[in-house]
Amino acid sequence: MNWDDARVFLALCREQTLRGAARVLAVDQATVGRRLASLEKALQATLFLRTSAGYSLTSAGEVAMAAALNMESSAAELQRQILGMDQCLSGVVRVTSTDSFAIDYIIPVIAELRREHPGIEVQLQTSTKMLNLTKREADIAVRTHQPENPELIVRRLARWGSALFASADYVRARGIPEPGTAFTGHDLVVYQPYLDSGKDVFLASEPIIHGRIAMTCTSGMMVRRALINGLGVGEVPVPLGELDGLMRLWPERAPLPYDVWLVTHKDVRHTARVRAVIDAIAKAFSTASSPATE
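Calculation notes
- Residues numbered from 1 in each chain as written.
- Predicted model: local features only at pLDDT ≥ 70, side-chain atom pairs only at ≥ 80, totals over all residues.
- Heavy atoms only, no water.
- Helix = DSSP H or I, 4+ residues; strand = E, 2+ residues; numbered from the N terminus.
- Buried < 20%, exposed > 50% of the residue type's maximum accessible area, 1.4 Å probe, protein only.
- Contact = heavy atoms within 4.5 Å.
- Areas by Shrake-Rupley, 256 points an atom, 1.4 Å probe, with all protein chains shown as cover.
- Lys, Arg positive; Asp, Glu negative; His and termini not counted.
- Charge placed at Lys NZ, Arg CZ, Asp CG, Glu CD.
- Axes fitted to C-alpha atoms, helices over the stretch in contact; angles between N-to-C directions.
- Parallel < 35°, antiparallel > 145°, perpendicular 65-115°, else oblique.
- Left-handed = near helix turned anticlockwise from the far one by under 90°.
- Salt bridge = Lys/Arg side-chain N within 4 Å of Asp/Glu carboxyl O.
- Polar contact = N/O pair within 3.5 Å; in protein donor to acceptor, adjacent residues only side chain to side chain.
- Patch = residues over 30% accessible without salt bridge, like charges linked within 9 Å, V, L, I, M, F, W, Y side chains within 5 Å.
- pLDDT = per-residue confidence, 0-100.
- Pairing = 2+ DSSP bridges.
- Core = buried A, V, L, I, M, F, W, Y, C linked by side-chain atoms within 4.5 Å.

Enquirer: Help me understand the overall build of the chain in this model?
Expert: Of regular secondary structure, the chain possesses ten helices and 13 strands. Overall size of the chain, expressed as C-alpha extent along the three principal axes, is 70 × 50 × 30 Å. Here the chain holds 294 residues, and 43% of them are scored as buried. Partitioning the intrachain contacts of the chain with sequence separation of at least 6 by distance along the chain shows that 76% fall at a separation of at least 24. Roughly 15,200 Å² of accessible area belongs to the chain as shown, and the carbon and sulfur atoms make up 51% of that amount. Of the side chains in the chain, 32 bear a positive and 32 a negative charge, and the two mean positions are spaced by 4 Å.

This is the structure:
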């Protein structure tokens, strides 16, 4: 099994359809099909069962997947080590973050960095999905969750707080929720993953059981935009709520800690272009207030 075949094989393992694998690999479906047929012929084994639900691994396929994953890990390690030796202030740096952090902090500071180092190309992916830095899906991640992988270098960019906010228009029309009433008579904007967790949902330490959910959102930026447009009350990090011109409600309640972490792999952190982007992002967050320490 060569690495090119292994890449196609792993993409099909993960996506389970020719179309999905082709999309991930940026090739056409016919190419995926040909590479799979070639690999099965070379190994003299059937690696997948073709079912109506997609491609399912056979026993031989499971053995092949273990070998292919080892190849993937070795290839990623080689790339990281070579990248770590690169001292050129040019080339691609892949950054993953949330849409809020990207719009308010990362994009502006990268624009400033590019004026000094125009050879650096930043590939920015905004998603709530945690990309795998060990597999080189990204070089830098800005996250709200601290990873525990010992191969990753973690730096806290900010310790903020999250608090309850609403637009001035909403407050004029509906007033401020009364603490202790579980949002009786008020509309709420809620981050959808909180509901999906199956746990009781709180906003600013207040249960939402008597409130009416006006909108759920799958990203922090969408929560912020919903609040700006007066759809209800919701919880966002204090610096972002203030940045949006929202009214902070219940200021007597201490904000809940909200940490922002910068993560990179130990093998690439000294690469010149990666280091330059890390420093630029850290500088952007250092200018924000830290209300969680108030």
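Still more to cover.
Enquirer: What is the right way to read the packing of helix H5 (residues 99-116) against helix H10 (residues 272-286) from this model?
Expert: Any two packed helices are characterised by how steeply their axes cross, that is the angle between the axes, and by the distance between the axes. In the contact formed by H5 and H10, the axes pass within 9 Å of each other and the chain directions differ by 125°. For the element pair H5 / H10, the angle class is oblique. Taken as a pair, H5 and H10 cross one another with a handedness that is right-handed. Touching Phe101, Tyr105, Ile106, Val109, Ile110, Glu112 and Leu113 of H5 are Ala276, Val277, Ala280, Ile281, Lys283, Ala284 and Phe285, all from H10.

Enquirer: Even after reading the chapter, I still don't get the side chain of Glu235, so can you show me in this structure?
Expert: Locating Glu235 in the fold gives a position in strand E11 (residues 234-237). Buried and unpaired, Glu235 has no salt bridge, with Arg253 as the nearest side chain of opposite charge at 8.2 Å. A polar atom in the side chain of Glu235 sits 2.4 Å from the backbone nitrogen of Ala204.

Enquirer: It is not clear to me how a nonpolar patch on the surface should be interpreted in this structure. Could you clarify?
Expert: Together, Ile103, Ile107 and Leu124 make up an exposed nonpolar region whose accessible area comes to about 240 Å². By the element assignment, Ile103 lies in helix H5.

Enquirer: Would you take a moment to explain the confidence of the model for the chain for this structure?
Expert: Do not read the predicted coordinates in detail wherever pLDDT is low. Here the chain shows a mean pLDDT of 88. Residues at 70 or above account for 94%. Below pLDDT 50 for its whole length, residues 290-294 participates in 14 contacts with residues either more than four positions away or in separate chains.

Enquirer: Help me understand the pattern of salt bridges in this model?
Expert: Pairing between side chains becomes possible if they bear opposite charge and their charged atoms approach one another. For the structure shown, the criterion picks out 14 salt bridges. Across the pair Lys283 and Glu112 runs a salt bridge, and its minimum N-O distance is 3.5 Å. One end of the pair, Lys283, is in helix H10; the other, Glu112, is in helix H5, with 171 residues separating them in the sequence. The salt bridge partner of Arg159 is Asp259, with a shortest N-O separation of 2.7 Å. With a gap of 100 residues between them, Arg159 in strand E6 (residues 152-166) and Asp259 in strand E13 (residues 256-265) connect regions that are remote in the sequence. Taken together, the shared-partner salt bridges connect Asp104, Arg224 and Asp244 into one network.

Enquirer: Would you mind showing me how to read the pairing of strand E1 (residues 48-51) here?
Expert: If a strand is regular, its side chains alternate between the two faces of the sheet. Sheet topology places E1 next to strand E2 (residues 54-57); four bridges connect them, and they run antiparallel. Looking at the pairing, Leu49 lines up with Ser56 of E2. A loop of two residues connects E1 with E2, the two strands running antiparallel in sequence.

Enquirer: What am I meant to see in helix H2 (residues 18-25) here?
Expert: Think of an α-helix as turning once every 3.6 residues; residues three or four places apart then point the same way. Where H2 is concerned, the buried positions are Gly20, Ala21, Ala22 and Leu25. Looking at the buried residues of H2, the elements they touch are helix H1 (3-15) and helix H3 (29-43). The positive-phi residue at the C-terminal boundary of H2 is Ala26, with phi of around 60°.

Enquirer: Hey, could you run me through the nonpolar core in this one?
Expert: Most often, soluble globular proteins have nonpolar side chains that are buried together. Counting 26 residues, the largest nonpolar core has Ile140, Val277, Ile281 and Phe285 as its most contacted members. Looking at this core, the elements with two or more residues in it are strand E3 (91-97), H5, strand E5 (140-143), E6, E13 and H10. The element best represented in this core is H10, accounting for nine residues. Sequence-distant contacts of Val277, that is, excluding residues within four places in its chain, are made with Val93, Val95, Ile110, Leu113, Ile120, Val122 and Ile140. Judged by nonpolar contacts, the second largest core, of 18 residues, contains Val8, Leu36, Leu39 and Phe48.

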